Amino acid sequence: MSPDLREEKFPGIPPFPDSVHTAPLLRISLYKLLLQDPTEQDQLWRACCDLGFFYLDLRLSLANKNLYKSSSNLEVDGPLFSQMQTGCSLLEKSYFSYRLKRNSGMNLPATYKGLGSGVLDKSGAKDRIEFYNVSKDDILGISNALPAPAMLNNHKPVLRSYIQTSHSLISLILGVLNKRLQLPESRLQGLHRLKAASGDQVRFLRAPPQPKEDRGTALEGHTDFGSITVLFNKMGGLQVRLPAGIEPIPPSRSNSLDTIEQLHGENGDGEKWVYVRPLPGHAIINLGDAMVKFSGGILRSDIHRVVSPPGAQAGTTRFSLVYFSRPEDKVMLGALKESPLIAQSAGDEPEEVINSRTGY
Ligand SMILES: O=C(O)CCC(=O)C(=O)O
Ligand SMILES: [Fe+2]
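Residues numbered from 1 in each chain as written. Chains lettered and ligands numbered in written order. Predicted model: local features only at pLDDT ≥ 70, side-chain atom pairs only at ≥ 80, totals over all residues. Heavy atoms only, no water.

- Going by what an unreviewed UniProt entry lists, the protein is known as Clavaminate synthase-like protein and is assigned to Tothia fuscella.

Spelled out as structure tokens, the structure:
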């Protein structure tokens, strides 16, 4: 790893250690994508085919581009994210009253998942993360407003701008993939219109420190169900499972006893679980299962999970902020065979085509 990469730290939180393996995510520049730089588009395409995860560098220098203002707000250490972090700690309090209301029998939608309310594996181990989902359609007035804690209602303008900016980043990425997949003009973007009803969500996650003698998985391994996910976190803990053939970046310093890495999963098939190092000014982007379906398997949605943050970060509460995009509710998920490339990759086998919203 180059020294400049290691120096990229988030002020105010313990550093991500140099003693663990990390995922070799490509760094794609939003600035260059906006300029339609072909080399950058190539890199994006490669990242989406090989791993399905990459960094999007949001630090722009060109002031008059459309996305500039809102994307600089979206920087991981930028004003919006700090606001969301304050929001999250306020949310802790509203979580509590919200939970009381739920327990008192009110029929509220399942937008909140409490700490330890999910089971991780066959042993019955509990998850170690809580999250709260906010629907795009609710905030943009496409569906009826859902009951929500007061703190969220007070943040509707910033949520709206976050949703709009994340959505425009996603449209830009879809545009590059659309061309490389040899699809008709704006085909993918047309399945993800901002104003159409869809299951897009903003998610706030919070994982408190785990006891030293019992550190484990906080959120179990999964692939995202939707199309493209935009993820902001400042602390480590996110891990991706690298497919055979993609090697992790080795530690630059030998491991200390405080982080015991379990690189290999139970199946021992050569795949390795490695940390994604959070970088200031960058979003982490990953593809979901819908993109694998649309592309007839050309694009990849990689399995990932959240574990206890590595090294000195283990003692600090971890927050993350996610935007999940999904195809519009009416869309049926299947290979877009009007592209010769996708038709060839999908082959003639009949495939299971499911509805984007209902999953049937
Ligand atoms: O918190 C993170 O870094 C990842 C969360 C995640 O993968 C999810 O909510 O689907
Ligand atoms: Fe995820």
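## Structural notes on helix α3 (residues 38–50)
Then step 1. A rise of 1.5 Å per residue sets the reference length of α3, with its 13 residues, at 18 Å; its end C-alpha atoms lie 18 Å apart and thus fit the reference within 8%.
Then step 2. For α3, the side-chain oxygen to backbone nitrogen distance between the N-cap and Thr39 is 2.8 Å, and the N-cap itself is Asp37.
Then step 3. Of the residues one or two after α3, Gly52 is the one with positive phi, at around 80°. (Helix = DSSP H or I, 4+ residues; strand = E, 2+ residues; numbered from the N terminus. Expected span 1.5 Å × (residues − 1). Polar contact = N/O pair within 3.5 Å; in protein donor to acceptor, adjacent residues only side chain to side chain.)

## Notes on the sheet that holds strand β9 (residues 272–275)
Then step 1. Reading across the sheet, the four strands line up as β6-β11-β8-β9 and stay open at both edges, with antiparallel pairing between neighbours. Unpaired on one side and paired on the other, β6 (217–222) and β9 mark the two borders of the sheet. Going from strand to strand, the sheet's axes swing by 25° on average, the running direction of each strand aside.
Then step 2. Two elements, β6 and strand β11 (residues 304–307), share three bridges in a ladder whose sense is antiparallel. (Pairing = 2+ DSSP bridges. Axes fitted to C-alpha atoms, helices over the stretch in contact; angles between N-to-C directions.)

## Some details on the packing of α3 against helix α8 (residues 156–180)
Then step 1. Close contact between α3 and α8 brings their axes to 10 Å; oriented N to C, the two are set at 85°. By the angle class used here, α3 and α8 are roughly perpendicular. Residue-level contacts link Pro38, Gln41, Asp42, Leu44, Trp45 and Cys48 of α3 to Ile173, Val176, Leu177, Lys179 and Arg180 of α8.
Then step 2. Of the residues contributing to the contact of α3 with α8, the split by class is seven nonpolar, one polar and three charged. (Parallel < 35°, antiparallel > 145°, perpendicular 65-115°, else oblique. Contact = heavy atoms within 4.5 Å. Nonpolar A, V, L, I, M, F, W, Y, C, P; charged D, E, K, R; others polar.)

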